[in-house]
Amino acid sequence: MDDNTPQEITNQNLNFENRLDLAPLLAHINAIKKELGTVIVGQSKMIDQLLVAILANGHVLLEGVPGVAKTITAKLLAKTLNIGFSRIQFTPDLMPSDILGTSVFSIKNSEFEFKKGPIFSNLILIDEINRAPAKTQAALFEVMEERQITIDGSQYILETPFLVIATQNPIEQEGTYRLPEAQLDRFLFKITIDYPKLDEEIAIIQREHTLQNHGKLEAIQTVLSDIEIKNYQDLVKSIVVEQNLLEYIARIVVNTRENAFLYLGASPRASIAILNAAKGFAAINGRDFVTPEDIKEAAIPVLQHRVIVTPEREMEGISSHEIIKQILESVEIPR
């Protein structure tokens, strides 16, 4: 053998190409991030999770104390998308008909006509979702899961895309209601927003001073249309997931049901949510295949609101977030 013949094949001699063309998707994702970055300081992880939720066609629950830009982030994201937008402020006296709509008698036609409520849009911002009572929350069950509404025996299919972004304050308890587990299970992600760091806080103050009387929404440009969103959602569904990774997802979810620290484990809907979210994380990272890291990235925001910590562990201050991290560390990663 010639001494100059390489004995090993290096990765430099191999060219890997994606089976799916993700370049347009990545260009649009980066454009949205740029637009949001003109107003939002930091919070890159939250923005990534919101974009993944759109690609995975899932709803999002944003949780954080007042003033951490939950509502403004949702409004800015809606501005970058050329789709219908509706905001519903939840209050203790809000009725299901205020959300879904109601039948009104028309004197002109001498018959009842259905007047659509604000839920009939594409992107719905529900502000302070935990301020409405159980009967109002229950009105969201069908529309969040099936993207349809049944009223007076008539069925109304909502236009695609249909996404709900809801905000809630985890600290304040006066005048609030705990969300039903069945409703929490319908959210793809629960995203917890923390306080900004010192350098981010300084940047926020400087940016606010620079903007002065200029509105935060005025300069935001539209990036994606409804057709493009639907096409990208279909594209993300085609991302490759190996069999051993499907089994990895199943082991994580089953572990939540067998964990001694958890009173309630995750449902099969959670397994599907991790799968779809992992595909979304792979896509925004420019890959047409899922890795174990994508699954781990998806697991915490998918699972933390779907499991219930036992009262004993809750009294010790252990959160579902911490328990899920322990589960991820204990489940063997496929090789």
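My aim in this report is to walk through the structure given alongside it, one point at a time. (Residues numbered from 1 in each chain as written. Predicted model: local features only at pLDDT ≥ 70, side-chain atom pairs only at ≥ 80, totals over all residues. Heavy atoms only, no water.)

1. Examining the overall build of the chain
Move 1: Within the chain one finds 14 helices and 13 strands.
Move 2: Here the C-alpha radius of gyration of the chain, 22 Å, is about what a compact globule of 335 residues would show, namely 20 Å.
Move 3: Each of the three principal axes of the chain carries a C-alpha extent, and together these read 95 × 50 × 45 Å.
Move 4: Per-residue burial over the chain gives 46% buried out of 335 residues.
Move 5: Sequence separation of 24 or more characterises 78% of the internal contacts of the chain that already satisfy a separation of 6 or more.
Move 6: Of the accessible surface of the chain, which amounts to about 18,000 Å², a share of 51% is contributed by carbon and sulfur atoms.
Move 7: Across the chain, the mean location of the 32 positive side-chain charges is 3 Å away from that of the 45 negative side-chain charges. (Helix = DSSP H or I, 4+ residues; strand = E, 2+ residues; numbered from the N terminus. Rg over C-alpha atoms; globule rule 2.2 N^0.38 Å. Buried < 20%, exposed > 50% of the residue type's maximum accessible area, 1.4 Å probe, protein only. Contact = heavy atoms within 4.5 Å. Areas by Shrake-Rupley, 256 points an atom, 1.4 Å probe, with all protein chains shown as cover. Lys, Arg positive; Asp, Glu negative; His and termini not counted. Charge placed at Lys NZ, Arg CZ, Asp CG, Glu CD.)

2. Description of a nonpolar patch on the surface
Move 1: A grouping of Phe-105, Ile-107 and Phe-112 is seen on the molecular surface, where their side chains present a nonpolar patch of about 400 Å² in accessible area.
Move 2: If you trace the backbone, Phe-112 turns up in strand β5 (residues 111-116).
Move 3: Judged by relative accessible area, which is 58%, Phe-112 ranks as exposed. (Patch = residues over 30% accessible without salt bridge, like charges linked within 9 Å, V, L, I, M, F, W, Y side chains within 5 Å. Salt bridge = Lys/Arg side-chain N within 4 Å of Asp/Glu carboxyl O.)

3. Some words on the pairing of strand β7 (residues 148-151)
Move 1: Sheet analysis places β7 next to strand β8 (residues 154-157), joined by four bridges and oriented antiparallel. Note that in β8 the partner of Gln-148 across the bridge is Ile-157.
Move 2: Following β7, the chain reverses through two residues before pairing antiparallel with β8; Asp-152 in that reversal takes a positive phi of roughly 55 degrees. (Pairing = 2+ DSSP bridges.)

4. What about the packing of aromatic side chains?
Move 1: Inspection of the entire model under this criterion finds four aromatic pairs.
Move 2: Note on Phe-114 and Tyr-156: the rings are 4.6 Å apart at their centroids and 25 degrees apart in plane angle, and the pair reads as stacked. Here Tyr-156 lies in strand β8 and Phe-114 lies in strand β5, a separation of 42 residues in the sequence.
Move 3: Here a set of aromatic residues connected by ring pairs shows up, and it is made of Phe-114, Phe-120 and Tyr-156.
Move 4: Over the aromatic face of Phe-289 sits the side chain of Arg-287, whose NZ or CZ is 5.7 Å from the ring centroid. (Phe/Tyr/Trp six-rings, centres within 6.5 Å; stacked < 30°, edge-to-face > 60°. Lys NZ or Arg CZ within 6 Å of the ring centre and 35° of its normal.)

5. Quick look at the pattern of salt bridges
Move 1: Summed over the entire model, instances satisfying the criterion amount to 14 salt bridges.
Move 2: Ionic pairing is found between Glu-145 and Arg-269, a salt bridge with its closest N-O pair at 3.5 Å. With Glu-145 in helix α6 (residues 141-146) and Arg-269 in helix α11 (residues 268-284), this residue pair connects regions lying 124 residues apart in the sequence.
Move 3: Under the relative-accessibility criterion, Arg-269 is labelled partly exposed at 28%.
Move 4: Residue Asp-294 pairs with Arg-287 through a salt bridge whose shortest N-O separation is 2.7 Å. Summarising the burial analysis for this pair, Asp-294 and Arg-287 share the class buried.

6. Re the layout of surface pockets
In this approach a probe as big as a water molecule rolls over the atoms, and the regions it shows empty are the leftover space.
Move 1: In this model, the largest pocket occupies a volume close to 890 Å³.
Move 2: Contributing to the lining of the largest pocket are 32 residues, with Glu-63, Arg-178, Leu-184, Lys-190 and Glu-314 lying nearest its centre.
Move 3: Breaking the lining of the largest pocket down by element, the ones donating at least two residues are α7 (181-184), β10 (187-192), β13 (308-309) and α14 (320-330).
Move 4: Classifying every residue of the lining of the largest pocket gives 10 nonpolar, 14 polar and eight charged. (1 Å grid on protein atoms, 1.4 Å probe; cavity = no way out; pocket = protein on both sides within 12 Å on 5 of 7 lines; lining within 4 Å. Points joined across faces, edges and corners; volume = space filled by probe spheres on them. Nonpolar A, V, L, I, M, F, W, Y, C, P; charged D, E, K, R; others polar.)

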